[in-house]
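Understanding the architecture of this molecule
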Amino acid sequence: MTVSQESVRPQSARSRNPDREVVVLRARASCIVIRDDRVLLMHRQRDGREYYVLPGGGVEAGESAEQACRRELAEETPLQAGGVRLVGRADEESGPDDYFLIEDPTGTTRLAGPEAERDSPTNSYRLEWIGIDDLARLPLVPPTAAGMIMKAYRLV
């Protein structure tokens, strides 16, 4: 399998050789918002599957991972980031994921943007403040996010 890294959605495509599949990876930025020993997570229920993710999303062409983090946070929550500090990078199956600690966020936490528009009984999005001590019991996706959250927690 040939792998290339570009700022586009993960997808499969056929190469000129019909026996080879080309996988395109998309860079992602994840937002870690911590308040009073709790972290902001998106509780997802989709196609009978229940899991949690950090707010965030794909890095668009021409923007940095930090810019993507600020944009995604504002679109999904709509919190505004004061400071943004890189916590680390994880190489996930879908592409690189940069994790940022959001410092001094302002605004009211509520579901907004495309997630609010797509929210339905079969594809739900719920923002929840989860205690740091409760992370281990949650189906957090990707699993490497838990370690990044703990690393960010130590920086607060």
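Everything below is about the structure shown above.
Summary of the structure given here. The structure presented is a predicted model; accordingly, all values stated were derived computationally and were not measured. (Residues numbered from 1 in each chain as written. Predicted model: local features only at pLDDT ≥ 70, side-chain atom pairs only at ≥ 80, totals over all residues. Heavy atoms only, no water.)

A count of helices and strands for the protein gives 3 helices and 10 strands. The buried share among the 156 residues of the protein stands at 44%. Put simply, 60% of the contacts in the protein that link residues at least 6 apart link residues at least 24 apart. With the model as given, the accessible surface of the protein reaches about 8,700 Å², and the carbon-plus-sulfur share is 46%. (Helix = DSSP H or I, 4+ residues; strand = E, 2+ residues; numbered from the N terminus. Buried < 20%, exposed > 50% of the residue type's maximum accessible area, 1.4 Å probe, protein only. Contact = heavy atoms within 4.5 Å. Areas by Shrake-Rupley, 256 points an atom, 1.4 Å probe, with all protein chains shown as cover.)

Turning to the pairing of strand β6 (residues 49–53), a few remarks are in order. Alignment of strand β5 (residues 38–46) against β6, held across 5 bridges, turns out to be antiparallel. Bridge pairing in β6 places R44 opposite Y51. Hairpin geometry of β5 and β6 is characterised by an intervening segment of 2 residues between the two adjacent antiparallel strands and by a positive phi of about 50° at D47. (Pairing = 2+ DSSP bridges.)

Let's shift gears to helix α3 (residues 144–155). With 12 residues, α3 should cover 16 Å at 1.5 Å per step; its first-to-last C-alpha distance of 17 Å lies within 8% of that length. Among the residues of α3, those classed as buried are A145, M148, I149 and A152. On an axial view of α3, the arc spanned by its buried residues comes to 105°, and they lie on one face. (Expected span 1.5 Å × (residues − 1). Arc of directions from axis to C-beta.)

In this section: the pattern of salt bridges. Side-chain pairing between opposite charges can occur once the charged atoms of the two side chains come close. Overall, the coordinates contain 12 salt bridges when judged by the stated rule. Across the salt bridge formed by R71 and E63, the nearest N and O atoms sit 2.6 Å from each other. We classify R71 as buried; its relative accessible area is 18%. Note on E63: relative accessible area 18%, which makes it buried. Put simply, R71 and E75 hold a salt bridge, and the shortest N to O gap is 3.4 Å. (Salt bridge = Lys/Arg side-chain N within 4 Å of Asp/Glu carboxyl O.)

A separate point is the environment of D97. Tracing the backbone through its elements, the reader meets D97 in strand β9 (residues 95–103). Overall, the relative accessible area of 2% leaves D97 in the buried class. The residues contacting D97, other than those within four sequence positions of it, are R28, A29, S30, G88, R89, A90 and E92. Polar side-chain contacts of D97 include one of 2.9 Å to the side chain of S30. A polar atom in the side chain of D97 sits 3.3 Å from the side chain of Y99. (Polar contact = N/O pair within 3.5 Å; in protein donor to acceptor, adjacent residues only side chain to side chain.)

A few words on the nonpolar core. Judged by nonpolar contacts, the single largest core of 20 residues is most densely connected at C69, L73 and I102. Counting residues per element, the ones that place at least two in this core are β4 (28–35), β5, β6, α1 (65–76), β9 and β10 (123–131). If you tally residues by element for this core, the top one is α1, at 4 residues. Those residues in contact with C69 that lie beyond four places of it in its chain are A29, S30, C31, V84, F100 and I102. Grouped together as the second largest cluster of nonpolar side chains are 19 residues, Y52, V87, L101 and I132 included. (Core = buried A, V, L, I, M, F, W, Y, C linked by side-chain atoms within 4.5 Å.)

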